[in-house]
Amino acid sequence: MSSVSSQQQFRYTQTPSKVLHLRNLPWECTEEELIELGKPFGTVVNTKCNVGANKNQAFIEFEDLNQAIQMISFYASSSEPAQVRGKTVYLQYSNRQEIVNNKTAADVVGNVLLVTVEGEDARMVSIDVLHLVFSAFGFVHKITTFEKTAGYQALVQFSDAETATSARTSLDGRSIPSYLLPEEVSQCSLKITYSAHTDLTVKFQSHRSRDYTNPYLPVAPSAIDSTGQVIVGVDGRKMEPESNVLLASIENMQYAVTLDVLHTVFVAFGAVQKIAMFDKNGGVQALIQYPDVQTAVVAKGALEGHCIYEGGFCKLHITYSRHTDLSIKVNNDRSRDYTMPDAAVAMAPQPSHNPYPGNSQQYHAAGASHYQQQHQQPQGGWGQQSGGQGHDPYMAAPSMHQGPGGHMPPHHYGGGPSGPMH
């Protein structure tokens, strides 16, 4: 290495220390990468990552002073500079003799969380989805979203640090449930740290910021559609456009859910025209088409959060689809057009008996419940139902469908808000 490059990479005026200062690191360099860089020269006992305005600096502390000297000396005389992820790293002795506090601002507990949404479609995760996810742990005061070098991020403000900590502990590293995301959005995960903020400033209700404590806050022009209609309600939440086609996602699918089972469940609220089932993000989803929007609204309100089988199995999560008329090219065990006069002719062979005998009245969501028991409500988050007006559970029907391993699945069960929640 030439003397010029040596002067660029090292500073010799400082007193040797077992703590080395590293510059020009790649974005969000990890502790593991720093330890790996220092491992050939000795034992790294402490690190401090992502410091500096650009978060491209770090400190590593060796067990012994001679180990730090060895690393500096090696790269000072080597023709190959120190590198992390292909970037040249500049080394020098630190003024400090040890790393006293390895805590960064992200480790200081607070009531505001910094959330990074990771995934190919991260920027398509709406503020409403984030509100649904985090409000399961307590009242969310404010949310702001923005884009930084790290990606699509959000600040989520709770009333206190305890609630924020509960949300962070449960959600950090987890994926957003697929049933909360639009059909075209792939899996996205959450990376959560604490923010130094304590009270966010929100001037307008918009698709990028919400203040749920102030329903009288002005609505930003960006929250008004082309027809002049406000698409953000007074509660700060985006108004979901209603549709005659529902998108049903099935969670905790321990037993097979067939097209016939779905038809039996959804026909209780009105004539079902078409159903199409498909696999997405490792789960099963279905599109159910009604003849009109009002029927779909009633079905969605009654079925959202209910379980097809008792015990919390095959839980339904329902949103409105952008589709209005499904294209069913063939009737089989995954798609069905019930408006075809001779639909049965084109269908795949069916069992000689109906696995769920009885008419739709057996599954009505009104009237007395034959099955209710109290369960402890799960902690906020992934198994919690969204609320709404309760309907009584479906009535049980004889089941001749066999679940995994040849076991008979439990009876149909639609535990509502007033009953068990799974």
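Data block above holds the structure.
In this report, we go over the structure that sits alongside the text. Per chain, residue numbering runs from 1 following the sequence as it is written. Totals for whole chains, interfaces and linings use all residues, but because this is a predicted model, local features are given only for residues with pLDDT of at least 70 and pairs of side-chain atoms are given and counted only at 80 or more. With hydrogens and water excluded, all non-hydrogen atoms of the structure serve as input to the side-chain values.

**Some words on the sheet that holds strand E2 (residues 44-51)**
Inclusion rule: Pairing between two strands requires that DSSP report at least two bridges joining them. Numbered from the N terminus, helices here are DSSP runs of H or I no shorter than four residues, and strands are runs of E no shorter than two. To obtain each axis, a line is fitted to C-alpha atoms, and for helices this fit is confined to the stretch in contact; angles are then taken between N-to-C directions over 0 to 180 degrees.
The four strands lie next to each other as E2-E3-E1-E6, forming an open sheet whose pairing is antiparallel. Only two strands of the sheet have a single neighbouring strand rather than two, namely E2 and strand E6 (90-93). Here the strands of the sheet are splayed against their neighbours by 20° on average, with no regard to which way each runs. Here strand E1 (residues 19-23) pairs with E6 via four bridges, running antiparallel.

**Quick look at helix H3 (residues 65-77)**
Under the convention used in this document: Every helix has an expected span of 1.5 Å times one less than the residues it contains. Each residue gets one of three labels from its accessible area relative to the maximum for its type: buried under 20%, exposed over 50%, partly exposed in between, using a 1.4 Å probe on protein chains only. Any pair of nitrogen or oxygen atoms within 3.5 Å is treated as a polar contact; in protein, a donor-acceptor pairing is required on top of that, and neighbouring residues in sequence qualify only through side-chain atoms on both sides.
Compared with an ideal rise of 1.5 Å per residue, which puts 13 residues at 18 Å, H3 spans 19 Å between its outermost C-alpha atoms and is within 8% of the ideal. Along H3, the residues classified as buried are Gln67, Ala68, Met71, Ile72, Tyr75 and Ala76. Near the N-terminus of H3, the side chain that reaches the backbone nitrogen of Asn66, with its oxygen 2.8 Å away, is that of Asp64.

**Looking at the sheet that holds strand E15 (residues 307-309)**
How we decide: Note on contacts: a residue pair is in contact if any heavy atoms of the two residues lie within 4.5 Å.
If you walk across this open sheet you meet the six strands as E15-E16-E12-E14-E13-E17, and the pairing is antiparallel. In the strand order of this sheet, the two ends are held by E15 and strand E17 (335-337), each with one partner. This sheet shows a mean twist of 25° between the axes of neighbouring strands, independent of strand direction. Of the strands in this sheet, strand E12 (245-251), strand E13 (274-280), strand E14 (283-289), E15, strand E16 (313-320) and E17 are in contact with helix H6 (residues 259-266), which crosses E13 at around 125°. Of the strands in this sheet, E12 and E16 are in contact with helix H7 (residues 293-303), which crosses E16 at around 140°.

**Topic: the pattern of salt bridges**
For the record, the criterion: By definition, a salt bridge exists where a carboxyl oxygen of Asp or Glu is found within 4 Å of a side-chain nitrogen of Lys or Arg.
Going through the model one piece at a time under the given rule, you end up with nine salt bridges. We note a salt bridge from Arg85 to Glu33, for which the minimum N-O separation is 2.8 Å. Highlighted residues: Arg85 in the loop between strand E4 (83-84) and strand E5 (87-88) and Glu33 in helix H2 (residues 31-38), separated in sequence by 52 residues. A salt bridge links Asp260 to Arg336, with the nearest nitrogen and oxygen atoms 3.6 Å apart. Of this pair, Asp260 sits in helix H6 while Arg336 sits in strand E17, and the two are 76 residues apart along the sequence. Given a relative accessible area of 5%, Arg336 falls into the buried group.

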